[in-house]
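Structure assessment
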Amino acid sequence: MIGFRPAAVGGVVLLAAHCDDLAIGAGGSLLTLCSARPGLRVDALVLSGGGTEREEEEHAALTAFCPGADLRLTVLKMPDGRLPANWEEAKAAVEDLRSRTDPDLVLAPNPADAHQDHRGLAKLVPTAFRGHQALGYEIVKWDGDLGRPSVYQPLTPEVAEAKVTLLQQHYPSQRQRPWYDREAFLGLARIRGIECQSRYAEAFYTSKMTLDLAGG
Ligand SMILES: [Zn+2]
């Protein structure tokens, strides 16, 4: 496989239903991206957790996962597990972010995610970011919704280890969850690495992508 290299990444939008979704789904990719591009503009919107300990965790975590970035994070107070009932508020929040940003890349949940909040947010992405490259991240869960992603970001062993360390360090509220452990995070990264001939990787879904084969 050849690696497609975007000529420029002038800005990134990160979308999540819950605090820690971005770090779990794309933490290694964010470390890779932001380390290589100091000063990168990163606009992050998280729909729930605002006003709780989870908002503070998310601020500290994303600062660590986006080293050197110009990070602007908004954490809203929508109730966890209730996105369908708060559809208009979520839609308005995503559209508001779109009105303030014109990113080269959008990282968001993927539309096949079994969690209704993740899936609902994924469905909002193309309604607001119509001309933008969106990649949908994956999150291991009880429901068993892992599929066959088509886009991979290989991770060096150092980045994969750093991702796990930061996940353990920055989300003390989640440590007691039975799936929140080193084996789960590194195990999935190892499997996605096998699929793209790397040691570790994060994988994404996309519904659409255009090429620029002339380059330059
Ligand atoms: Zn979530």
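The name given to the protein in an unreviewed UniProt entry is PIG-L deacetylase family protein, with the source organism recorded as Streptosporangium jomthongense.

**Side note on the packing of aromatic side chains**
Summed over all chains, the structure comprises 2 aromatic pairs. Relative to Phe185, the ring of Tyr180 has its centre 5.1 Å away and its plane inclined at 85°; by these criteria the two rings are edge-to-face. Per residue, the accessibility class of Tyr180 equals that of Phe185, and both read buried. Sitting over the face of the ring of Tyr200, Arg199 holds its NZ or CZ atom 5.7 Å from the ring centroid.

**Thoughts on helix H4 (residues 116-128)**
The end-to-end C-alpha distance of H4 is 19 Å, a good match for the 18 Å that 13 residues give at a rise of 1.5 Å each. Among all positions of H4, only Asp117, His118, Gly120, Leu121, Ala122, Leu124, Val125 and Ala128 are buried. The elements touched by buried residues of H4 are strand E1 (11-16), helix H1 (21-36), helix H3 (87-100), strand E4 (105-109) and strand E5 (134-137).

**Regarding the coordination of the zinc ion**
Only His18 (ND1), Asp21 (OD), Asp21 (OD) and His118 (NE2) from the protein coordinate the zinc ion, and they sit 2.0 to 2.5 Å from it. The coordination sphere of the zinc ion comprises 4 donor atoms, whose angles at the metal cover 55 to 125°; the geometry is irregular. Classification of His18 by relative accessible area gives buried; the value is 5%. The class of Asp21 is buried, set by a relative accessible area of 4%.

**Looking at the sheet that holds strand E2 (residues 41-46)**
Within a beta sheet, neighbouring strands are joined by backbone hydrogen bonds and run either parallel or antiparallel to one another. Overall, parallel pairing links the 5 strands, which are arranged E3-E2-E1-E4-E5 in an open sheet. For this open sheet the edge positions go to strand E3 (70-75) and E5, each flanked by a neighbour on one side alone. The sheet shows a mean angle of 15° between the axes of neighbouring strands, taken without regard to direction. Pairing of E4 with E5 involves 4 bridges; the strand directions are parallel.

**Description of the packing of H3 against H4**
Contact pair H3 / H4: the axes reach a minimum separation of 10 Å and the direction vectors enclose 40°. Classified by the interaxial angle, the pair formed by H3 and H4 is oblique. Both H3 and H4 take part in a crossing whose hand is right-handed. Facing H3, whose interface residues are Trp87, Ala90, Lys91, Val94, Glu95 and Arg98, H4 presents Gly120, Leu121, Lys123, Leu124, Thr127 and Ala128. Residue composition of the contact of H3 with H4, by class: 6 nonpolar, 2 polar and 4 charged.

**Examining the pattern of salt bridges**
Evaluation of the coordinates by the stated rule reveals 12 salt bridges. Salt-bridge contacts for Arg192 lead to Glu138; the nearest nitrogen and oxygen are separated by 2.7 Å. Taken together, the positions of Arg192 in helix H6 (residues 182-195) and Glu138 in the loop between E5 and strand E6 (151-155) put the pair 54 residues apart, joining distant regions of the chain. Neither residue differs from the other here; Arg192 and Glu138 are each classed as buried. Measuring nitrogen to oxygen at the nearest pair gives 2.8 Å for the salt bridge that ties Asp145 to Lys141. Across the pair, Lys141 and Asp145 agree in class, each one buried.

Thresholds, definitions, all that
Residues numbered from 1 in each chain as written. Predicted model: local features only at pLDDT ≥ 70, side-chain atom pairs only at ≥ 80, totals over all residues. Heavy atoms only, no water. Phe/Tyr/Trp six-rings, centres within 6.5 Å; stacked < 30°, edge-to-face > 60°. Buried < 20%, exposed > 50% of the residue type's maximum accessible area, 1.4 Å probe, protein only. Lys NZ or Arg CZ within 6 Å of the ring centre and 35° of its normal. Helix = DSSP H or I, 4+ residues; strand = E, 2+ residues; numbered from the N terminus. Expected span 1.5 Å × (residues − 1). Contact = heavy atoms within 4.5 Å. Donors = N, O, S within 2.8 Å, 3.2 Å for Na, K, Ca; no water. Tetrahedral: all angles 85-135°; square planar, octahedral: opposite > 155°, others 65-115°. Pairing = 2+ DSSP bridges. Axes fitted to C-alpha atoms, helices over the stretch in contact; angles between N-to-C directions. Parallel < 35°, antiparallel > 145°, perpendicular 65-115°, else oblique. Left-handed = near helix turned anticlockwise from the far one by under 90°. Nonpolar A, V, L, I, M, F, W, Y, C, P; charged D, E, K, R; others polar. Salt bridge = Lys/Arg side-chain N within 4 Å of Asp/Glu carboxyl O.

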